[in-house]
Amino acid sequence: MIMSMYKKICITNRNLVHGDFLAKIEEVARGNVDAIILREKDLPKEEYLALAKKVIPLCNKYGKLCILHQFVDVARELKYDAIHLSYEAFLALDDETKKYFSIIGVSTHSVEEAIKCEELGATYITASHIFPTDCKKDLAPRGLAYLREVRENVTIPVYALGGIHPNNIDLCIAEGADGVCMMSEYMKD
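Let us look at the structure shown here. This is a predicted model, so every value here is computed, not measured. (Residues numbered from 1 in each chain as written. Predicted model: local features only at pLDDT ≥ 70, side-chain atom pairs only at ≥ 80, totals over all residues. Heavy atoms only, no water.)

**Comments concerning the packing of aromatic side chains**
Scanning all chains against the criterion turns up three aromatic pairs. When the ring of Tyr-124 is compared with that of Tyr-159, the centres are 5.6 Å apart and the planes differ by 80°; the resulting orientation is edge-to-face. One end of the pair, Tyr-124, is in strand β6 (residues 124-128); the other, Tyr-159, is in strand β7 (residues 158-161), and 35 residues separate them in sequence. We note that Tyr-124, like Tyr-159, is buried. Its guanidinium or amino end placed over the ring of Tyr-100, Arg-76 lies 4.5 Å from that ring's centre, counting from NZ or CZ. The aromatic ring of Tyr-146 is capped on one face by Arg-142, whose charged end is 5.8 Å from the ring centroid. (Phe/Tyr/Trp six-rings, centres within 6.5 Å; stacked < 30°, edge-to-face > 60°. Helix = DSSP H or I, 4+ residues; strand = E, 2+ residues; numbered from the N terminus. Buried < 20%, exposed > 50% of the residue type's maximum accessible area, 1.4 Å probe, protein only. Lys NZ or Arg CZ within 6 Å of the ring centre and 35° of its normal.)

**Focus: helix α7 (residues 143-153)**
Among all positions in α7, only Gly-143, Tyr-146, Leu-147, Val-150 and Arg-151 are buried. Summarising the axial view, the buried residues of α7 lie within an arc of 135°, below the 170-degree limit, and thus occupy one face. Looking at the buried residues of α7, the elements they touch are β5 (103-108), α6 (111-119), β6, β7 and α8 (169-174). (Arc of directions from axis to C-beta. Contact = heavy atoms within 4.5 Å.)

**Comments concerning the environment of Ala-114**
Here Ala-114 shows up in helix α6. When the C-alpha atoms of Ala-114 and Tyr-48 are compared, they prove to be 27 Å apart, with 66 residues separating the residues in sequence. Once residues lying within four places of it in the same chain are set aside, the contact partners of Ala-114 are Thr-108, Ile-125, Val-150 and Val-154.

Structure, rendered in structure tokens:
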């Protein structure tokens, strides 16, 4: 077993939760997670804003970082400075908007994207997808060699994403990941 410290990040998906979503968020925040990315990318802006207003205090209650997803304008409206973006959305950010955020995470799917994100000011990246996952059923996983190559080419934190579960976390950490992101492990009962 790998004994180094690594971070665990929950990526939300209310559609996987049986029962009350906010109760699930509180359960996750109370647990051993370091951060929660409030993904919910199918919600319109106003509904996402209303949800973020409920999730951020739950994360704060347990001392866990909440990272908003994609909705830069919602983050600014809430005076919140942690965001996770798709690669395309990150490239579209102007320098002034980037300066607003103290945490900018970006989803990457190649070594080249990872390098570009670091050059343009991302504070961390997710490298995906490492293992087979229901989220990307039609795409072959990139594998551990890909994760290692990303880690060797950037200095910002790299979080493994895609098909991660307790039985393969150590494999990701052994390849240099600073942590892992999991959705199903946290959202499903």
